[in-house]
Structure formats: C-alpha cells, structure tokens
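A structural walkthrough
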Amino acid sequence: MSSQVVKDKKIGVIGLGYVGLPLAVEFAKRYKVVGFDINSNRVSQLKSGFDHTREIDEDRLQDVLSFDCTSLTGLFCTTEKQYLESCNMFIVTVPTPVDRNRRPDLTPLLRASTLVGGLLKDGDIVVYESTVYPGVTEDECVPILEKQSGLTFNKHFFVGYSPERINPGDKEHTVARIRKITSGSTAESLETIDQLYSSVITAGTYRASSIRVAEAAKVIENSQRDINIAFVNELAMIFNKLGIDTQEVLNAAGTKWNFLNFKPGLVGGHCIGVDPYYLAQKAQEIGYYPEIILAGRRVNDGMGAYVADQLVKSMLSRGTNVIQSEILILGFTFKENCPDVRNTKVIDIIRRLEEYSIKVCIYDPLADPNQVKQEYGVICQNGNFVPKRYDAVLLAVAHKEFIDLDIAALCKTGAVIYDIKSFLPDSLVHARL
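Note that the structure is a prediction, hence the values are computed from the model and not measured. (Residues numbered from 1 in each chain as written. Predicted model: local features only at pLDDT ≥ 70, side-chain atom pairs only at ≥ 80, totals over all residues. Heavy atoms only, no water.)

Points about the nonpolar core
The condition that has to hold: In this text, buried Ala, Val, Leu, Ile, Met, Phe, Trp, Tyr and Cys residues form a nonpolar core when linked through side-chain atoms within 4.5 Å. With a 1.4 Å probe rolled over the protein chains alone, any residue whose accessible area is under 20% of its type maximum counts as buried; one over 50% counts as exposed, and the rest are partly exposed. Two residues qualify as a contact provided that any one of their heavy atoms is within 4.5 Å of a heavy atom in the partner residue.
One finds Ile14, Leu84, Val92, Leu109 and Val126 to be the most contacted residues of the largest nonpolar core, which totals 41 residues. For Ile14, the residues in contact, after removing those within four places along its chain, are Phe36, Leu84, Ile91, Val92, Thr93, Val94, Ala112, Leu115 and Val116. Counting residues in hydrophobic clusters, the runner-up holds 35 residues, among them Val346, Leu353, Ala367 and Ile420.

In structure tokens form, the structure reads like this:
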C-alpha cells in the first residue's frame, strides 16, 4: 500500500473514552494526533499517563504522549479546540446513548459535528465511528458540517463512517487486531480513509459499498448478540421452571459444531443494551415494527428483576426472613474485568431487592464509587470493603478478583449463594441463572 495519500495527515480525535483513546494511541505511533475531550479531568489524567478505563496501560500511554502540538507524531491531549485547527482528518468517537424513554439521543454526536464544522478547511475529511442508525452521517451530521463551515459537501470536504468495534476489558481483541469496516462519501475519500486505517489496523480493513451499509453493519452486530442472549435468557427461565440446570444444557448442546455459544445473563453497557434501540427507531420511522428486535430487548431488560425474584424465592425456601435481611452483591460494572458502569443492569437487581425491604451491600473492586453514587445514587464499596456475614451473596459480575474471595466466610448459616455467571464452583452455589 502506498503511503503517499496519508503521510501528511494530522488527525483530530474527538472524544477520548473507551473508543477514542485506544484509536488515538494506535494512530499516534505513526501520525500526529490531537486528542480532544470536553472533560478536563479526563484530559488531565491522560496527560499524567493514567487511563481510568484501563484500556491503555501507563507504559503504552507514556510512549505516545506528546506535549508539543507541532511534533510529527504522538498524542497531544487537550480541551481547547484551537489545537484542532491544524488537523486535516477528524475522527468522531463520542457516545451515542438513549434517553430515559429509550430513544436514540444524538446530542453528543450533533455537538461534535458543530465543533468540527467550525474547523473544516478545503480538502478535510471527517470520519464518524459512533454507533448510529443508517442515514445519520449523511442526513444529520453533514448538514451541520456544511452550515458551520460554509463549505460544500463532496466538493470542499468529505465524510466517512468506520464503526468502532471496541470490546471494553478485552486485552486480546484490541483495536489493531479487529478488522475495520471503512466507507467514504466518494471513491477518493474512501481510498484515503481506508489507507489511513490500514496503516495501523493489523487485522486489515473491509471497504463497505456506502456509508449507510457501514452504519447498518455496525448496528446489527450488537442487535444480533442481543437477540441471541435474549433467547438463552428465555431458555434459562424455562429450564428453571423445569428444574433443569441451564449451563448443563448449554454444555451438552455445545457439542454440536454449529451451536452458537451464548450464555444467559444481564445485558447492559453502552453497546449491546443500547444499539438495538437505534435500529428499532429507524425501522419504526419507515413504518415497520421490529418484532424480534424489541422482543429481545424486553426479555433482556427484565432480567434484573427476574434474578432478584429468584434470589428472594431461594431465600424463602431456606427459611430466611427476607424483610430487613442483608444481601451482598458482588460486582456492579456492566461486564467482567472492566470498570465501565454505563447502563449496568446490576442496578435493576438492586432496585428490585429494595422493593422487598432488603438491605443491599455492593462490592466491586473495579467500579468508581463516586461515579456509581453520582449516576445511580447507591453506595458501592471498592477498596474499603469491610467483610461481614450476609443472608445471601449474589455474584453479578465475574471479575477475576472474585476468584480468590472466600465467599463462604461472608455467609450466615443457611445463606443463599446465587451465581448469575456460572463462575463459582458448583459445590458452593445454591442457585444459578
């Protein structure tokens, strides 16, 4: 591949979270990257070499950090947009959440487009990585870019879409090791975008035929996983009524070569628990009601309450007085070995248990207690965990830190141990999902 097209690129990455930072670090090994974020605390931490998401360790971050915006390579982190003015390639990696009514909230994306639009120059390219439904890049973002810049789309500036495929907490499937979909608004811009990503993504790229195809590909990746997990969650509820161990059934079925290996559990986070609503919203806008997608969402959104009810039934069956009983929840983040608490469904378990007048204690060695308190209004013990005995222990998240935890020592006589993740030894557990 010729590097002529991309050798002079100076890249501005808008948003330094779970998606933006790993990408910025990878590009900074070969290009000058200006990493922009509106969170001043986040930028200060990154400048000191600390990444609270734990996606990039201190040594890797220090290797690429730069405090000179004019150097040829390296990552310059800032909250000041004027440092982006010299960039000619902008990559937008801001979050795309849903609101309280589970409708897509494009506010961060549109604000980022406003910011970038005010910086655009003749020949610049803007690439979006944020998850959206088909049409957002060209129908929602491009008009803002044109308005703010006074430039004409596909004449003075160009856009592309290359969906993020970051898996938080996964140290094997890192950004450079995951094949990247690329797309562009013209053949020439696609060539540039694809060459740029190809220069740092060792797993290679896949050129989509259009931006809308790339947008659609991203949104169905997580929708497919959501539906498959909903299926095994429903199986777990059926097998529970039949008195059959779900994990044993899955182990047996998994001996067939083409059986898909999905496990029951909570579906939260910023991707699988959110992206299907983007596709569902677009489907309904064009007059189609997405039966399977929304059915899967209903099942998965109800799992927290289901788990809590099953735990209470197990406690009652062992003669425990549920009212004012004490339950320890192990784990609060949305997935194992990751500090991300966005859209965690563990909170649904806690809210349901509180309806039974149960006292809930939460312990998660990875979660930020201040963030948990601010976003969810509950107390999460971290390094200050004080062991005591509980009427029940529920393992909600399979952090590796829990492997050596003496859970039996945390239980009162007759206590129930409920394992959502099939993580603990069978001999220790009284109930599983």
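The structure having been displayed, the exposition proceeds.
A word on the environment of Ala408
The condition is simple: Every helix listed is a DSSP run of H or I at least four residues long, and every strand listed is a run of E at least two residues long, numbered separately from the N terminus.
Here Ala408 shows up in the loop between strand 12 (390–395) and strand 13 (411–419). Classification of Ala408 by relative accessible area gives partly exposed; the value is 41%. Apart from the residues within four sequence positions on either side, Ala408 is in contact with Arg389 and Leu428.

Overview of the packing of helix 5 (residues 136–149) against helix 7 (residues 211–242)
In plain terms, the rule: Axis geometry follows a simple rule: fit a line to the C-alpha atoms, using only the stretch in contact for helices, then measure angles between N-to-C directions, giving values from 0 to 180 degrees. Just so you know how the angles are binned, under 35 degrees is roughly parallel, over 145 roughly antiparallel, 65 to 115 roughly perpendicular, and the rest oblique. Charged means Asp, Glu, Lys or Arg here, nonpolar means Ala, Val, Leu, Ile, Met, Phe, Trp, Tyr, Cys or Pro, and polar covers whatever is left, Gly included.
Two elements in contact, helix 5 and helix 7, have axes whose closest approach is 9 Å; the angle formed by their N-to-C orientations is 110 degrees. When the axes of helix 5 and helix 7 are compared, the pair comes out roughly perpendicular. Note on element contacts: helix 7 touches helix 5 through Ile211, Arg212 and Glu215, opposite Val136, Thr137, Glu138 and Asp139. Broken down by class, the residue content of the contact of helix 5 with helix 7 amounts to two nonpolar, one polar and four charged.

What about the pattern of salt bridges?
For clarity, the threshold we go by: Put simply, a salt bridge is a Lys or Arg side-chain nitrogen that is within 4 Å of an Asp or Glu carboxyl oxygen.
On inspection of all chains with the given rule, the structure shows 26 salt bridges. Residues Asp124 and Lys121 are paired through a salt bridge, measuring 3.0 Å at the closest nitrogen-oxygen approach. Here Asp124 falls in the buried class, since its relative accessible area comes to 2%.

Looking at unusual backbone geometry
Despite not being glycine, Asn154 has its phi angle at roughly 65 degrees, a positive value. Within the fold, Asn154 resides in the loop between helix 5 and strand 6 (158–161). Given the relative accessible area of 31%, Asn154 is considered partly exposed. One non-glycine residue, Ser422, lies in the positive phi region at around 50 degrees.

What about the pairing of strand 9 (residues 326–330)?
So the rule is basically this: By definition, two strands form a pair when at least two bridges between them are found by DSSP. If the strands point away from the viewer and the path from the first strand over the helix to the second runs clockwise, then the crossover is right-handed.
A large share of strand 9 lies buried, amounting to four of its five residues. Note: strand 9 against strand 10 (residues 359–363), five bridges, orientation parallel. The partner of Ile327 across the bridge, within strand 10, is Val360. With helix 12 (residues 346–355) bridging strand 9 and the parallel strand 10, this β-α-β connection has right-handed handedness. Two strands pair when backbone bridges link them, and strand 9 and strand 12 are joined in this way by four bridges, in the parallel orientation. For Ile329, the partnering residue across the bridge sits in strand 12 and is Leu394.

Focus: helix 11 (residues 303–317)
Since the α-helix packs 3.6 residues into each turn, any two residues three or four apart lie on the same face. Short version of the rule: One less than the number of residues in a helix, times 1.5 Å, gives the span that helix is expected to have.
Along its 15 residues, helix 11 runs 21 Å from first to last C-alpha, staying within 8% of the 21 Å computed at 1.5 Å per residue. Of all 15 residues in helix 11, 11 are buried, a share of seventy percent or more. Taken residue by residue, helix 11 has Met303, Gly304, Tyr306, Val307, Ala308, Asp309, Gln310, Leu311, Val312, Ser314 and Met315 as its buried positions. Gly319 sits one or two residues past helix 11 and shows a positive phi near 85 degrees.

A word on the packing of aromatic side chains
Put simply, the test is: Stacked, edge-to-face and tilted are the three classes for Phe, Tyr and Trp ring pairs, Trp counted by its six-membered ring, which pair at centre distances within 6.5 Å; planes under 30 degrees apart are stacked, over 60 edge-to-face, the rest tilted. Only when the NZ atom of a Lys or the CZ atom of an Arg is both within 6 Å of the ring centre and within 35 degrees of the ring normal do we say a charge sits over the ring.
Throughout the structure, instances matching the rule amount to seven aromatic pairs. Relative to Tyr31, the ring of Phe27 lies with its centre 6.1 Å away and its plane at 65 degrees, an arrangement referred to as edge-to-face. In this pair, the class of Phe27 matches that of Tyr31, namely buried. For the ring pair Tyr133 and Tyr278, a centre distance of 6.3 Å and an interplane angle of 40 degrees mean the geometry is tilted. Pair noted here: Tyr133 is in the loop between strand 5 (125–128) and helix 5 and Tyr278 is in helix 9 (residues 275–285), with a separation of 145 residues, a long-range link. One aromatic cluster in this structure is built from Phe27, Tyr31 and Tyr197. The ring of Trp257 carries the charged tip of Lys256 above its face, separated from the ring centre by 5.4 Å.

Brief notes about the sheet that holds strand 6
Spatial strand order, 3-2-1-4-5-6: six strands in an open sheet with parallel pairing. Looking along the sheet, the strands with just one partner apiece sit at the ends: strand 3 (74–78) and strand 6. Geometrically, the sheet is characterised by an average inter-axis angle of 20 degrees between neighbouring strands, direction not taken into account. Two strands pair when backbone bridges link them, and strand 5 and strand 6 are joined in this way by four bridges, in the parallel orientation. Its bridge partner lying in strand 6, Val127 is registered against Gly160. This element, helix 1 (residues 20–28), spans strand 1 (10–14), strand 2 (32–36), strand 3 and strand 4 (89–92) of the sheet and lies at about 140 degrees to strand 3. Lying on the sheet, helix 6 (residues 187–198) is in contact with strand 1, strand 4, strand 5 and strand 6; it crosses strand 5 at an angle near 60 degrees.

On their own, these measurements won't tell you what the molecule is for.
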